[in-house]
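Inside the fold
Spelled out, the chains give:
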Amino acid sequence: MNRKYLAVGFDMDSTLLDTNVNYRKLSLVVYDEMRKAGVPENVLKMNGGSIYNMKKGTEYLTQDGRSGDIYAVKKNVSGKMGSIELENVMTAKPYEGAEEMIAYLKNKGYRIGVLTRGSRRYAVKALTVSGIIGMLDALVCRDDFDEDESKPSPIAMRHLANALNVEPKDILYLGDDAIDFFCARDSGAGFIGVLTMNTEEEWRSIDNGIPVIDTVAGLLKMM
């Protein structure tokens, strides 16, 4: 690496841990709750994903003069999403070589954190079941702050930086999704994409300059 970092941060699901979250169900929770709140179907997309529908739904409610309803919607969504996340949490496990990689980084003096869109209850359970939680210096979750401050917002990375007592530019962040990249890029953090979900071609379509590795264990060869 050509740049000096003080900390390494990880997305959790499909990056650091192999988990079995039903993302289809998570997406439908947001869609259903927004529809119950009176957001028209043509504003939302059933297959648009939770982030898209949350953004479009809150924009509509705000423009309709109903911003006061947003808190209740977000609370309902968060509770239901948390229950879905916990359905298969006992199957969570670190990707091969992840524990050894973290131990190496900590031995070299790097601070280690996880920044996830998972709920805190779920993240703590998944990281505990997988044996990783004791190796972390910081954990920042979706419901620690307002939904608007979750990934892909760069504010999320600032929260992680604060928890690690560094600046965002001091963090090298690894993730499996475009929202991880945008969060890192817009905050000034470094980024490496993993190929557990996106292919190399898909990463290139997002930004041709993104370095990629097969799994987080491959980070050892880059340090």
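Just above, that's the structure.
Residues numbered from 1 in each chain as written. Predicted model: local features only at pLDDT ≥ 70, side-chain atom pairs only at ≥ 80, totals over all residues. Heavy atoms only, no water.

1. Quick look at the layout of surface pockets
The volume enclosed by the largest pocket comes to roughly 600 Å³. In this structure, the largest pocket is lined by 25 residues; those nearest its centre are Tyr-23, Ile-51, Arg-117, Asp-177 and Ile-179. When residues of the lining of the largest pocket are traced back to their parent elements, those giving at least two are α1 (23-36), α2 (50-63), α3 (70-85) and α7 (178-187). Here the residues of the lining of the largest pocket sort into eight nonpolar, eight polar and nine charged. (1 Å grid on protein atoms, 1.4 Å probe; cavity = no way out; pocket = protein on both sides within 12 Å on 5 of 7 lines; lining within 4 Å. Points joined across faces, edges and corners; volume = space filled by probe spheres on them. Helix = DSSP H or I, 4+ residues; strand = E, 2+ residues; numbered from the N terminus. Nonpolar A, V, L, I, M, F, W, Y, C, P; charged D, E, K, R; others polar.)

2. Quick word on the packing of helix α6 (residues 154-164) against α7
The packing of two helices is summarised by the inter-axis angle and the distance between the axes. Where α6 meets α7, the closest approach of the two axes is 7 Å, and the angle between their N-to-C directions is 70 degrees. With respect to α7, the axis of α6 lies roughly perpendicular. Contacts between α6 and α7 involve Pro-154, Ala-156 and Met-157 from the first element and Cys-183, Ala-184, Asp-186 and Ser-187 from the second. Considering only residue class, the contact of α6 with α7 consists of five nonpolar, one polar and one charged. (Axes fitted to C-alpha atoms, helices over the stretch in contact; angles between N-to-C directions. Parallel < 35°, antiparallel > 145°, perpendicular 65-115°, else oblique. Contact = heavy atoms within 4.5 Å.)

3. Considerations on the environment of Ser-78
Along the chain, Ser-78 falls in helix α3. In this structure Ser-78 comes out as partly exposed when scored by relative accessible area, which is 23%. Once the C-alpha coordinates of Ser-78 and Val-30 are considered, the two residues, 48 residues apart in sequence, prove to be 9.0 Å apart. Beyond its immediate chain neighbours, meaning those up to four positions away, Ser-78 contacts Arg-142 and Asp-143. (Buried < 20%, exposed > 50% of the residue type's maximum accessible area, 1.4 Å probe, protein only.)

4. Description of empty space enclosed by the protein
Summed over the entire model, instances satisfying the criterion amount to one cavity of 30 Å³ or more. Here the largest cavity is characterised by a volume of approximately 60 Å³. Along its surface, the largest cavity is lined by Leu-115, Thr-116, Arg-117, Val-140, Cys-141, Arg-142, Phe-145, Glu-149, Ser-150, Lys-151, Ala-156 and His-159.

5. Looking at the side chain of Glu-33
The topology assignment puts Glu-33 in helix α1. Ignoring any residue separated from it by four or fewer positions in sequence, one finds Glu-33 in contact with Val-73, Asn-76, Val-77 and Lys-80.

6. Brief notes about the packing of α1 against α3
One can describe the packing of α1 onto α3 by two numbers: an axis separation of 9 Å at closest approach and a directional angle of 155 degrees. Considering the angle they form, α1 stands roughly antiparallel to α3. Along this stretch, α1 crosses α3, giving a crossing that reads as right-handed. Along its contact with α1, which presents Lys-25, Leu-26, Val-29, Val-30, Glu-33, Met-34 and Lys-36, the element α3 presents Val-73, Asn-76, Val-77, Lys-80, Met-81, Ile-84 and Glu-85. (Left-handed = near helix turned anticlockwise from the far one by under 90°.)

7. Notes on the side chain of Thr-116
By the element assignment, Thr-116 lies in the loop between β4 (111-115) and α5 (120-129). A polar atom in the side chain of Thr-116 sits 2.8 Å from the backbone nitrogen of Gly-118. (Polar contact = N/O pair within 3.5 Å; in protein donor to acceptor, adjacent residues only side chain to side chain.)

8. A closer look at the pattern of salt bridges
Inspection of every chain in the model, using the stated rule, returns 18 salt bridges. Where Asp-148 meets Lys-74, a salt bridge forms, and the shortest distance between an N and an O atom there is 3.6 Å. Of this pair, Asp-148 sits in the loop between β5 (138-140) and α6 while Lys-74 sits in helix α3; the two residues are 74 residues apart in sequence, bridging distant segments of the chain. With relative accessibility at 53%, the residue Asp-148 sits in the exposed group. (Salt bridge = Lys/Arg side-chain N within 4 Å of Asp/Glu carboxyl O.)

9. Structural notes on unusual backbone geometry
A cis amide bond links Lys-151 with the next residue in sequence, Pro-152, at an omega value of 15 degrees. The topology assignment puts Pro-152 in the loop between β5 and α6. Phi is positive for Ser-14, which is not a glycine, with a value near 65 degrees. Backbone geometry places Asn-165, a non-glycine residue, at a positive phi of 60 degrees.

10. Some details on the environment of Ala-184
Along the chain, Ala-184 falls in helix α7. The buried category is assigned to Ala-184, whose relative accessible area is 0%. Once the C-alpha coordinates of Ala-184 and Tyr-173 are considered, the two residues, 11 residues apart in sequence, prove to be 6.7 Å apart. Look past the residues within four positions of Ala-184 in its chain and what remains in contact with it is Met-157, Tyr-173, Ala-189, Gly-190 and Phe-191.

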